[in-house]
Amino acid sequence: MSSPRLRERCDIDAFIASASIPMATQRIGFHTGQWTGQELLLRWDGRGPGGILAAAKSRGTGHLVDARIIAEGAELLATGRIPNLQVSINVGVESMDAPRFAETVLGLWTDRGHAPSTLTLEISEAGSLEKRRRAVLQLCELQAAGIRLAIDDFGIGHNHLHIIDRVGFDVIKLDQSLVRAACADAPGAARARRLLKGLVGMIRDLGATPVIEGVERLEEAQLLLELGVPGQGFLIDAPRLVLP
């Protein structure tokens, strides 16, 4: 019988070598049907998306999995199996710290005939970038080549302000807790709404585009319209499996 570690390695190898990967796409925009882009989401039917990514990260091969997902995204866009919209793909900080990862990403995307500006990389756990000089340099290299950068879950956890100043992200995705608080039936809602409007204004002053995540209720979608801020969530657009 094979050991759990061996099975884990086989799962990762099988994922990387797969001819195609089950993916879903979720459009970003307004509930009125105006779209500004889409995020590609992993729908792996083996260990599950969280399982395969976590396993690869623990083995130091997360950059190989992220590269395989980017390659799949480039193929899906080239073959017309996803909408002709800006494509956002999540990438781990550890991947950005891998040697020559920026070169790999740029090659995978442009070799399929796509302009770099059609890809947005969403950086998870961006707060740890301050300790990863190579990751920051590679992000700047990708941005200089035309690829857009997004910071995920802004407004919770580690303070990202110094990272935004250092890297200059193109898109800042605000955590869903901010819009939840602003639309809550509670005494603090008015203050939370002022805070949200202030953050949106700050992001725009920095030359970045704000996006609000986790929009699931009509009042939240209506607030987005008032602010002129695109959103992402089940009320805006539910994830749709990409057909083979």
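Everything here concerns the structure above.
Since we're looking at a predicted model, the values are computed, not measured. Throughout this description, residue numbers start from 1 for each chain and increase along the sequence as written. Selection of residues for local features in this predicted model requires a pLDDT of at least 70, selection of side-chain atom pairs for listing and counting requires 80 or more, and totals for whole chains, interfaces and linings are taken over all residues. To get the side-chain values, take all heavy atoms of the structure and skip hydrogens and water.

Colleague: Got a minute to help me understand helix α6 (residues 133–145) in this structure?
Modeller: One turn of an α-helix holds 3.6 residues; hence residues three or four places apart share an orientation. Compared with an ideal rise of 1.5 Å per residue, which puts 13 residues at 18 Å, α6 spans 19 Å between its outermost C-alpha atoms and is within 8% of the ideal. Those residues of α6 not exposed but buried are Ala-135, Val-136, Gln-138, Leu-139 and Leu-142. Projected down its long axis, α6 carries its buried residues within an arc of 165 degrees, all on one side. Those residues of α6 that are exposed and aimed more than 90 degrees away from the buried face are Arg-133 and Ala-144. With its phi angle positive at about 115 degrees, Gly-146 sits one or two positions after the end of α6. Every helix listed is a DSSP run of H or I at least four residues long, and every strand listed is a run of E at least two residues long, numbered separately from the N terminus. A helix's residues, less one, multiplied by 1.5 Å, set its expected span. Between buried and exposed lies partly exposed: a residue is buried under 20% and exposed over 50% of the maximum accessible area for its type, with that area taken using a 1.4 Å probe on protein chains only. For this quantity, the arc is that covered by the directions from the helix axis to the C-beta atoms.

Colleague: Just checking my understanding: could you explain the sheet that holds strand β3 (residues 87–92) for this structure?
Modeller: As a general point, the strands of a sheet are linked pairwise by backbone hydrogen bonds and lie either parallel or antiparallel. Taken in spatial order, the eight strands of this open sheet run β7-β6-β5-β4-β3-β2-β1-β8, and their pairing is mixed. Whereas interior strands pair on both sides, the edge strands pair on one side only; in this sheet they are β7 (209–212) and β8 (240–241). Between any two strands, at least two bridges found by DSSP are needed for them to pair. As defined by bridge partners, strand β5 (residues 148–154) adjoins strand β6 (residues 171–174) across three bridges and the pair is classed as parallel. Each bridged residue has a counterpart across the sheet, and for Ile-151 the counterpart in β6 is Ile-172.

Colleague: Just checking my understanding: could you explain the environment of Met-23 for this structure?
Modeller: Within the secondary structure, Met-23 sits in strand β1 (residues 23–29). Since its relative accessible area comes to 1%, Met-23 is described here as buried. Residues Met-23 and Arg-43 lie 20 residues apart in sequence; the distance between their C-alpha atoms is 4.9 Å. Note on definitions: a residue-residue contact is assigned when non-hydrogen atoms from the two residues lie within 4.5 Å. When near neighbours in sequence (up to four residues on either side) are disregarded, Met-23 contacts Leu-40, Leu-41, Leu-42, Arg-43, Ile-69, Glu-72, Leu-76, Arg-240, Leu-241 and Val-242.

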